Amino acid sequence: MDTALPGGPQWTQKRIPGILTGMRSVIFVRIFAALGILMALVMGVGLGLGLAGTENIKILENFVDFAPALPTKIVDMNGTVITEFTGEEKRELVPLSELPKHLVHAVLAREDPNFYNHRGFSVRGIARAAYGRLRGRNLGGGSTITQQVAGTLYTDRTEMRLSRKIRELWWALQMERRYTKNEILEIYLNYMIMGPGTYGVEAASKYFFGHSAREISLAEAAILVIQLSSPSRYNPLDNPNDAMDRQRSVLTRMIEMGYTTREEAEESFNLYWDNYDYTRESTSAYYNRQDSAPWFSEYVRRELDTMMYGAMDYYRDGYTVITTLDLRYQQAAEKYMADGLKRANEEFTRSRSSRLTQAERTYIPVVDLLSLYFDLGSIHATSDAQNEQKAYSRFTRTINPVVDMASLLFGIQDLKTLSGAAFARLRDSAEKNTVEGALIAIENETGYIKALIGGSQFSQSNQLIRATQGSIQPGSTFKPLYYSAAIDSREFTAGTLIYDVPMVFYNENGTPYVPQNFRGEWKGQVLLWEALANSMNVPSLRVLDGIGFSRAIDRAALLLGITDPEAVRQTFPRVYPLGLGIISVSPLRMAKAFATFANEGREVTPIAVRAVEDRNGRVVLDPERELRVAQRQKGEGLQIISPQNAYIMTSILRRTVESGTLASSAGWGAKFTFRDERGNRFRMPAAGKTGTPQNWSDAWTIGYTPYYTTAVWFGFDRPGNSLGVNLTGATLAGPVWADFMRDIHQGLPPRDFVRPATGLIDAKVCTRTGLLWTPGCPGEITLPFLEGTQPRQQCDEHQNSGSGGRPSLRPVPFDTMSINIENELEQIKKVELDLDALPVRPDPENSRDQNRNPNQGALDSTAEDRRSRNYGIELPDYNPLLE
């Protein structure tokens, strides 16, 4: 028998692999041991650092001692306090035992499902959060409920450092050692911020739902829970869609964990949103504070909501917000806007009453006669429908306040619902019949918002900041935006000859459009600068027609800062009324556009918050620095229009103030005349534009100097009413703008608009033809032109005329229509109503055929037929232009 000896070849082949495997195991064990020791050392050092930063550990075992709440100060650019966002926290304590279980379950499902099993921290949660941070993805927070409480009470959760996380972990371990799980959860539910200035579930429930957290529903519990992660983003009053999506995810999580059934969740979810009040606005908890500029403060608060994240809380963390406002300018704005609003509402009420009285005397008898003759009872002045309307009006104004008080006194919810509906109707009526207003002033070079008025009276029910949130038709103030594109097209200049006469424009779909001038007046032969300075509609639409919709829209969108293609498409319709400002835009955007002209064509970005400091004076937010860095990175892209274009537009708009629609408001220059340090008089140059839509629903003035741009608007929150012909951009908004601009320029040194060194040519032209001036011309004016576009031909209409001779007009082009208004008016006779000539009431069976328009075929002509007429018009028997 052969046997292998130890150490022989066979034995070696069998044993060597085993030995190697064992050696590897030993090496791996040693490596893991070394790593474990190293990690222990790191954790030890880190924990030591954390403990070193924690003073008087034994004394701090009193866990209710923490940093006191301090108000956040809002200061203007000079350091003067505007207001304080109070640090008095709105909190009501409620024991955990009195809260419904589904609220507790919602908190656990959303924030910490393993709360009752861990010892204050979750390794899995920390690893998940760290992995997400490394990958640049949000995989959820890594802090347990205990860590959140500890971090909020004893650390600064805005500090993104490892040392802070270690201190937070240490405090969480101490809390777990000292308190029970239920006590920690009770602290959490009563302490954490859950709404605007609202802390704890009890105060938040009353704020959002109007009742105690003890009565909270399943869906309401889910709404409260999502406030813990972001009280601003998931506020159901500000962002209902975002809140709805996150609420649904919480309910789904509760179903998965067995806390509720799908049927219960769906029923509660539907009930909540079926009764949701979409008209309610989110209100901040600072209405009892002193505030020198409430509209601006509210705008800043909303800006802070978008800037601050996580645990940053401007109601209690004691920040100092350095803003761009100048309280001296703000006070002037409030004074002149209050005067303008008072005058506007008094004039509107007077004119409206006069119009109604005239209508009742003139038209109601005619309507009654027609209703009786044709048996149309529903339109009769004493019909049931009319009586019902009068009765409802009396109920909403007189009886409903008593009903509302009774519903509150006796707790009758159905009655409260009825009174609320009546108040809503009364509020709608007030919005249609109350003149509101807005003003915003920005510094041209910096974009600083220097003054802001958002409406008549800031209150809990009136928080729409119309200066920034308004969606308003700008009227003729929109014209300079596409005039700028016309200048750059080189097809138009400030001296281009245009005819201001009635004419028809055809939209792209073939529909005709006949614009009207203010009060139906026509000037005939005018130059482009004069058409803009005096806000003539037909010449402006001829400019729009000449450059085309695409170039006009591109330039307007650029100046207004509208960059999204879909937003551009929705904002600017490709129809000719666009040229008269039928878009919807805020006063802030319009001020931004005009400030670009004043800023030599460079983009202006309005800004309200310059920096935010914490309670120790450390800058934690620096939005102005970020803006300036972004502007420097743009480089030449900041020049959105050429300096030459901006200067030409400014020179044209200066004539609006000097001799156009703003001349009277500016006191023919007197309001912009000041004295320098030596006592010498000088005039501050100013440019601007007025705007009044054709139904007189709004009144605008936007103007600027080398220092500031200010936009002023008056109108209604709800469309459907008219200010009347006596309240226009020139007569209502213009004086407010001029008085405000006069006050804020007191004491400023002289400054002129900067003229580019190259690219411009000045030419003296005839005021009638726009050609080079000759001694026979009736007037002269010097205008700037882009180099190469200046006129080279002398005026050929006045070469043979003596000085001051009467010029002969050029022939009217074939595509215009001229009407001798005076001759036509002489032929118009007052219509007399002949009762015997009234038609017999038609037979219903034959009414359709008998009432057919005999000229129906003529009205159905195609777009090609209309275009083939070269805009020629044959006057019908009735012409609305003669009204």
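Residues numbered from 1 in each chain as written. Predicted model: local features only at pLDDT ≥ 70, side-chain atom pairs only at ≥ 80, totals over all residues. Heavy atoms only, no water.

**Q** Before we go on, may I ask you to explain the overall build of the protein chain in this structure?
**A** When you go through the protein chain residue by residue, the secondary structure sums to 28 helices and 21 strands. Sequence-distant contacts in the protein chain: of pairs separated by 6 or more residues, those separated by 24 or more amount to 71%. Carbon and sulfur atoms provide 52% of the accessible area of the protein chain, an area that totals close to 46600 Å². (Helix = DSSP H or I, 4+ residues; strand = E, 2+ residues; numbered from the N terminus. Contact = heavy atoms within 4.5 Å. Areas by Shrake-Rupley, 256 points an atom, 1.4 Å probe, with all protein chains shown as cover.)

**Q** Any chance you could explain the sheet that holds strand E8 (residues 449-453) here in plain terms?
**A** Two pairing modes exist for strands in a sheet, parallel and antiparallel, and in both the strands are linked by backbone hydrogen bonds. A sheet is described by the order of its strands in space; here five strands give the open sequence E8-E7-E19-E18-E17, paired in antiparallel fashion. With partners counted over all chains shown, the strands left at the sheet margins are E8 and strand E17 (687-691), one partner each. The mean inter-strand angle of the sheet, taken between neighbouring strand axes irrespective of direction, is 5°. Judged from the five bridges that link them, E17 and strand E18 (residues 699-704) form a sheet pairing that is antiparallel. Within E18, the residue paired with Ala687 across the bridge is Tyr704. (Pairing = 2+ DSSP bridges. Axes fitted to C-alpha atoms, helices over the stretch in contact; angles between N-to-C directions.)

**Q** What's the story with the pairing of strand E2 (residues 81-85) in this structure? I'm lost.
**A** Looking along a regular strand, one sees the side chains alternate between the two faces of the sheet. Sheet topology places strand E1 (residues 72-75) next to E2; four bridges connect them, and they run antiparallel. Among the inter-strand pairings, Thr72 is bridged to a residue of E2, identified as Phe85. Where E1 hands over to E2, the hairpin turn is made up of five residues, of which Gly79 adopts a positive phi near 90°.

**Q** Just checking my understanding: could you explain the sheet that holds E1 for this structure?
**A** Strands sit in the order E2-E1-E6-E13-E14 across an open sheet of five strands; the sheet is mixed. Lying at the two open borders of the sheet, with one neighbouring strand each, are E2 and strand E14 (619-621). Pairs of neighbouring strands in the sheet enclose a mean axial angle of 25°, with direction left out of account. Direction of pairing for E1 relative to strand E6 (residues 320-323): parallel, over a ladder of three bridges. Residue pairing for E6: Lys73 is matched across the bridge by Thr320. The strands that helix H22 (residues 623-634) touches are strand E13 (609-613) and E14; relative to E13, the one it contacts most, it runs at about 135°.

**Q** Is there a simple way to think about the environment of Val575 in this case?
**A** Here Val575 lies in the loop between helix H20 (565-571) and helix H21 (587-598). On the basis of relative accessible area, Val575 is assigned to the partly exposed category, the value being 25%. Sequence separation between Val575 and Glu508 is 67 residues; the distance between their C-alpha atoms is 7.1 Å. Not counting the four nearest positions on each side in its chain, Val575 is found in contact with Asn507, Phe549 and Ile582. (Buried < 20%, exposed > 50% of the residue type's maximum accessible area, 1.4 Å probe, protein only.)

**Q** Help me understand the pairing of E17, please; the structure alone is not making it clear to me.
**A** Burial of E17 is extensive: five of the five residues sit out of reach of the surface. Residues Ala687, Lys689 and Gly691 point to one face of E17 and Gly688 and Thr690 to the other, with burial holding for every one of them.

**Q** Could you clarify how one ought to interpret unusual backbone geometry in this entry?
**A** One can expect most non-glycine residues to show negative phi and most peptide bonds to be in trans. We note that Glu600 has phi near 60°; this positive angle belongs to a residue other than glycine. Even without being a glycine, Trp668 presents a positive backbone phi close to 55°. Summarising the element assignment, Trp668 is placed in the loop between helix H23 (643-658) and strand E15 (673-675). A residue is classified by how much of its surface remains accessible, and Trp668, at 58% relative accessible area, is exposed.

**Q** Before we go on, may I ask you to explain the nonpolar core in this structure?
**A** Generally speaking, nonpolar side chains in soluble globular proteins are found buried as a group. Grouped together as the largest cluster of nonpolar side chains are 145 residues, with contacts concentrated most on Phe572, Phe714 and Phe740. With nine residues, the single largest contributor to this core is helix H12 (residues 327-373). Residues within four places of Phe572 in sequence aside, it is in contact with Phe478, Ile553, Ala556, Ala557, Leu560, Ile562, Leu578 and Ile583. By size, the runner-up hydrophobic cluster in this structure holds 55 residues, among which are Ala109, Ile145, Ala265 and Trp273. (Core = buried A, V, L, I, M, F, W, Y, C linked by side-chain atoms within 4.5 Å.)

**Q** Would you take a moment to explain the side chain of Arg466 for this structure?
**A** Considering the arrangement of structural elements, one finds Arg466 in helix H15 (residues 466-469). At 2.8 Å, the side chain of Arg466 forms a polar contact with the side chain of Asp717. Among all residues touching Arg466, those that are not within four sequence positions of it are Trp295, Glu436, Gly437, Ala438, Gly454, Gly455, Ile472, Pro587, Trp713 and Asp717. (Polar contact = N/O pair within 3.5 Å; in protein donor to acceptor, adjacent residues only side chain to side chain.)

**Q** Can you walk me through the packing of helix H16 (residues 479-489) against helix H18 (residues 537-547) in this structure?
**A** How two helices pack is summed up by the angle between their axes together with the distance between the axes. At a closest axis distance of 10 Å, the pairing of H16 and H18 adopts a crossing angle of 50°. With respect to H18, the element H16 is oriented oblique. The way H16 lies across H18 gives a crossing that is left-handed. Touching Lys479, Tyr482, Tyr483, Ala485, Ala486 and Ser489 of H16 are Asn537, Pro539, Ser540, Leu541, Val543, Leu544 and Ile547, all from H18. A per-class count over the contact of H16 with H18 returns nine nonpolar, three polar and one charged. (Parallel < 35°, antiparallel > 145°, perpendicular 65-115°, else oblique. Left-handed = near helix turned anticlockwise from the far one by under 90°. Nonpolar A, V, L, I, M, F, W, Y, C, P; charged D, E, K, R; others polar.)

**Q** Help me understand helix H11 (residues 294-307) in this model?
**A** Side chains three or four residues apart in an α-helix point the same way, a direct result of the helix having 3.6 residues per turn. Compared with an ideal rise of 1.5 Å per residue, which puts 14 residues at 20 Å, H11 spans 20 Å between its outermost C-alpha atoms and is within 8% of the ideal. All of the buried residues along H11 are Trp295, Phe296, Ser297, Glu298, Tyr299, Val300, Arg301, Leu304 and Met307. (Expected span 1.5 Å × (residues − 1).)

**Q** Would you mind going over the environment of Leu96 with me for this structure?
**A** Here Leu96 is to be found in the loop between strand E3 (90-91) and helix H2 (101-111). Linking Leu96 and Glu186, residues 90 residues apart in sequence, is a C-alpha distance of 5.4 Å. If near-sequence neighbours (up to four positions away) are discounted, Leu96 is found in contact with Val104, Asn182, Leu185, Glu186 and Leu189.

**Q** I would appreciate a short explanation of the environment of Val538 in the present structure.
**A** Turning to its location among the elements, Val538 is positioned in helix H18. Judged by relative accessible area, which is 0%, Val538 ranks as buried. Sequence separation of Val538 and Gln516 is 22 residues, and the distance between their C-alpha atoms is 7.4 Å. With residues up to four places along the chain from it excluded, the contact list for Val538 reads Tyr499, Asp500, Val501, Met503, Phe505, Pro515, Asn517 and Trp522.

**Q** Can you help me understand the packing of H2 against helix H8 (residues 218-226) in this one?
**A** Contact pair H2 / H8: the axes reach a minimum separation of 9 Å and the direction vectors enclose 40°. Relative to H8, the element H2 lies oblique. Crossing hand, H2 versus H8: right-handed. Between H2, through His102, Leu103, Ala106, Val107, Arg110 and Glu111, and H8, the contact on the second element is made entirely by Leu218, Ala221 and Val225. Of the residues that constitute the contact of H2 with H8, the class distribution is six nonpolar, one polar and two charged.

**Q** Would you explain the confidence of the model for the protein chain in this entry?
**A** When pLDDT is low, close inspection of the predicted coordinates is not appropriate. Per-residue confidence for the protein chain gives a mean pLDDT of 79; residues scoring 70 or more make up 69%. In this model residues 1-9 is a low-confidence stretch, pLDDT under 50, and it forms four contacts with partners more than four residues away in sequence or in other chains. Below pLDDT 50 for its whole length, residues 802-821 participates in 38 contacts with residues either more than four positions away or in separate chains. (pLDDT = per-residue confidence, 0-100.)

**Q** Would you mind showing me how to read the state of the cysteines here?
**A** Between two cysteines, a covalent bond joining their sulfur atoms is known as a disulfide. Inspection of every chain in the model, using the stated rule, returns zero disulfides. Cys766 takes part in no disulfide bond, and the closest cysteine sulfur to it belongs to Cys777, at a distance of 3.5 Å. For Cys766, a relative accessible area of 0% corresponds to the buried category. (Disulfide = S-S within 2.5 Å.)

**Q** For this particular structure, what's the right way to read the packing of aromatic side chains?
**A** Each aromatic ring pair is characterised by the separation of its centres together with the angle its planes make. The tally for this structure, following the rule as stated, stands at 24 aromatic pairs. For the pair Tyr272 and Tyr276, a centre-to-centre distance of 6.2 Å together with 45° between the ring planes defines the contact as tilted. For Tyr272, a relative accessible area of 14% translates into the label buried. Note that Lys764 overlies the ring of Trp773, its terminal NZ or CZ placed 4.7 Å from the centroid. (Phe/Tyr/Trp six-rings, centres within 6.5 Å; stacked < 30°, edge-to-face > 60°. Lys NZ or Arg CZ within 6 Å of the ring centre and 35° of its normal.)

**Q** Looking at this structure, I do not really get the pattern of salt bridges. What am I missing?
**A** Side chains that carry opposite charge are capable of pairing whenever their charged atoms lie near each other. In the structure shown here, the tally under the stated rule is 33 salt bridges. Taking the shortest distance from any N to any O, the salt bridge between Asp752 and Arg654 comes out at 3.8 Å. On the criterion of sequence distance, the pair formed by Asp752 in the loop between helix H24 (729-744) and strand E20 (760-766) and Arg654 in helix H23 is long-range, its members being 98 residues apart. The exposure class of Asp752 is partly exposed, given its relative accessible area of 47%. Residue Arg654 is classed as partly exposed on the basis of its relative accessible area, which comes to 23%. (Salt bridge = Lys/Arg side-chain N within 4 Å of Asp/Glu carboxyl O.)

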